[in-house]
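Chain by chain, the residues:
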Amino acid sequence: MRIIGFLLAPFVKMIRYGALKMMKRMRRPNDGRPVIATANHLLDELILPSAFEIFINREFRDIAGFDKLSVAEHDRIFNELEFAGVCLALFCLDFANSIARTDDYRFWLEVRQRLPQQLRRMLLGLGVDKSNADLLRKLIDMRYEEYGEMTKETRDVWNAEEPLFSRLPTAAAKHSIARVNAIAIGIALHIKRGKLKRHDPLLRFLRGWMVKLNETIGKFIFNL
C-alpha cells in the first residue's frame, strides 16, 4: 500500500479534481455535498496555498520589510493575504454567470454563499477558538465591502479616463481588471498601515499576484 501511495502521490491533485468534477456532474437536487466540496477545493487547493506562497516569498518579505516587523505583524499580514484571496474568489463567483455555463449559475451561486462558512469551519478544525474564527469571518465581510467599493471607484475612473478600458465589451471584464488593481492597493495599504508610496514595489508585486490568482480561479470556474 505504501508503494501504491508513493506512486500516486504526484497525481493526488489531479485525482481529487477529477472526483470533484464527477461529483458536480452527478449531483442531485438538494444535495449540498458538491457545493461544500467545491468551496473546500477553492480554499484548500487555490486560495490558501497561493496566499501562503506569497507570504513566504523572499521578494515579498523584503519589500514588505518583514525583518523590521514583529511576529504579531507577520500574522496580521498573513491574515490580510488570506482575506484578499477569499474576497477575490467571492468577486469571481459574483460574476460566475459570465464564466460558467448558464445552467451552472445556481451551483456557483451556492458555492459563493458557502465559501466564507467553509473557511470558518476550516479555522475551527485547525484549533482556532470560536470567537477568533467569528472575528475573522467578520473581517472578511469588511474587506469584501471595502474592496468592492474600491473596485467600483477604480472602474468609474477608468471608464471616464481610459479609452481602452471604456471599450471593454462587458461589465464582467471591466470588474475583473478593476478588482485586481483595487485589491492589490487595498492589501498594500493594510500591510503598510496606510503608509504607501505612489510607486511602492509592493503594489506591483501584489498586483501581479492578484492577476495570476484571478486567472486561476476563473479557469477553475470555467472548467469544472
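This structure is a prediction, so every number in the text was calculated from the model and none was measured.

Q: What is the right way to read the overall build of the chain from this model?
A: Counting its regular elements, the chain contains ten helices and zero strands. The N-to-C order of helical and strand elements in the chain reads α-α-α-α-α-α-α-α-α-α. For a compact globule of 224 residues, the expected C-alpha radius of gyration is about 17 Å, and the chain comes in at 19 Å, within 12% of that figure. The principal-axis extent of the C-alpha atoms belonging to the chain is close to 55 × 45 × 35 Å. Considering the chain as a whole, with its 224 residues, one finds that 41% of them fall into the buried category.

Q: In this structure, what is going on with the environment of Phe55? I would like to understand it.
A: Structurally, Phe55 is set in helix α3 (residues 33-55). Separated by 111 residues in sequence, Phe55 and Ser166 have C-alpha atoms that sit 34 Å apart. The residues touching Phe55, leaving out its near neighbours within four places in the chain, are Phe60, Arg61, Phe66, His74, Phe78 and Leu81.

Q: Teacher, can you tell me more about the packing of helix α7 (residues 130-161) against helix α9 (residues 171-191) here?
A: Packing of α7 against α9 brings their axes to within 8 Å, and their N-to-C directions diverge by 125 degrees. In terms of orientation, α7 lies oblique with respect to α9. Seen along the crossing, α7 lies across α9 with a hand that is right-handed. In contact with Arg143, Glu146, Tyr147, Met150, Thr151, Thr154, Arg155, Trp158 and Asn159 of α7, α9 contributes Lys174, His175, Ile177, Ala178, Arg179, Asn181, Ala182, Ile183, Ile185, Gly186, Ile187 and His190.

Quick notes on the rules
Residues numbered from 1 in each chain as written. Predicted model: local features only at pLDDT ≥ 70, side-chain atom pairs only at ≥ 80, totals over all residues. Heavy atoms only, no water. Helix = DSSP H or I, 4+ residues; strand = E, 2+ residues; numbered from the N terminus. Rg over C-alpha atoms; globule rule 2.2 N^0.38 Å. Buried < 20%, exposed > 50% of the residue type's maximum accessible area, 1.4 Å probe, protein only. Contact = heavy atoms within 4.5 Å. Axes fitted to C-alpha atoms, helices over the stretch in contact; angles between N-to-C directions. Parallel < 35°, antiparallel > 145°, perpendicular 65-115°, else oblique. Left-handed = near helix turned anticlockwise from the far one by under 90°.

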